[in-house]
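One letter stands for each residue in the lines below.
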Amino acid sequence: MSYADVNGVRLWHEVHGTGQPLVLLHGGYGAVEMFQPILPALAARRRVIAVDLQGHGRTADVDRPLRYESMADDIAALLRHLDLPQADLMGYSLGGGVALRAAIQHPDLVRRLVLVSTPCRRRGWYPEVLAAMAAQDERVAEQMRGTPPHELYLRLAPRPQDWPRLWAKTGELLRRDYDWSAEVAALALPVLLVFADADSVPVSHMGEFFGLLGGGHRDAGWDGTDRPASRLAVLPGLTHYDIVGSPALPEAALPFLTHEVRAPA
């Protein structure tokens, strides 16, 4: 458990377990602790490297905007810092966007990718979710004082007074439009998409995203030879807010990460 100085950021990361490396990237306003309920299951099978992203948890903010692209570069730099030629990435929500950009920008470093409750374009979120994202700023930060995310931030952050700054910078990030569909379609690695059946992302976008990865276009055949390399899991009885702590998540992710997967056509 330590810091790595990469790209001008002191990036907190902690390592659990042994085996093939798996990098965990948390959601917005969170930290490594978001994965605490499922960490034992993952660490029993993998060398888990859990990271606090820029401005989150134990990683202090720096003088640059929050961007998926720059945080993805941080993760690539961390892998090089740890002398890891390749790793699997698992990101949730905000962290899923970072993980996806890391695979797009640094494909040589990512072996397999697990994206949890993550769309591939901004309009992949429900309209009401986009409206809530657009409203995030310092005033909302004040309203969130005393909530569990705020209490966690106070306990972990090197500069607890940066709470409003985190909300302002995150809101600015979330208001920016993006559509990574073309880059997703060009990915040459296996991807597992994991969503809740009552997620903040409509089922139509889940299908669209999976289709870009080669899924949902044909029957797999009696022997499964036409199965796409990428996979889709929709977990029942969950939402965007509790999927990350559900035991169903490692149950879906670990077989994908550990079983043989046919290379993409």
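This text follows the structure it describes.
Residues numbered from 1 in each chain as written. Predicted model: local features only at pLDDT ≥ 70, side-chain atom pairs only at ≥ 80, totals over all residues. Heavy atoms only, no water.

Caption draft 1: Representation of the nonpolar core in the model. Judged by nonpolar contacts, the single largest core of 61 residues is most densely connected at V23, I75, L100, L113 and F209. Among the nonpolar cores identified, the runner-up in size contains 28 residues, and V32, L39, L42 and V244 belong to it. (Core = buried A, V, L, I, M, F, W, Y, C linked by side-chain atoms within 4.5 Å. Buried < 20%, exposed > 50% of the residue type's maximum accessible area, 1.4 Å probe, protein only.)

Caption draft 2: Structural view of helix α3 (residues 94-105). With 12 residues, α3 should cover 16 Å at 1.5 Å per step; its first-to-last C-alpha distance of 17 Å lies within 8% of that length. Listed in full, the buried residues belonging to α3 are L94, G95, G96, G97, V98, A99, L100, R101, A102, A103 and I104. (Helix = DSSP H or I, 4+ residues; strand = E, 2+ residues; numbered from the N terminus. Expected span 1.5 Å × (residues − 1).)

Caption draft 3: The arrangement of the environment of G95 in detail. By secondary structure assignment, the location of G95 is in helix α3. The spatial distance from the C-alpha of G95 to the C-alpha of G30 is 9.7 Å, given a sequence separation of 65 residues. Aside from chain neighbours lying at most four places away, what touches G95 is L25, H26, G27 and L53. (Contact = heavy atoms within 4.5 Å.)

Caption draft 4: Here's a closer look at the pairing of strand β5 (residues 87-92). Most of β5 is tucked away: 6 of the 6 residues are buried. What you see with β5 is no split at all: A87, L89 and G91 on one side and D88, M90 and Y92 on the other are buried throughout. In this sheet, β5 lies alongside strand β3 (residues 21-25) in parallel orientation, the contact comprising 4 bridges. For L25, the partnering residue across the bridge sits in β5 and is G91. Across 5 bridges, the pairing between β5 and strand β6 (residues 110-116) is parallel. By the bridge assignment for β6, M90 is matched with V114. Since β5 and β6 lie parallel, the crossover through α3 that links them has a hand, and here it is right-handed. (Pairing = 2+ DSSP bridges. Right-handed = clockwise from strand over helix to strand, strands pointing away.)

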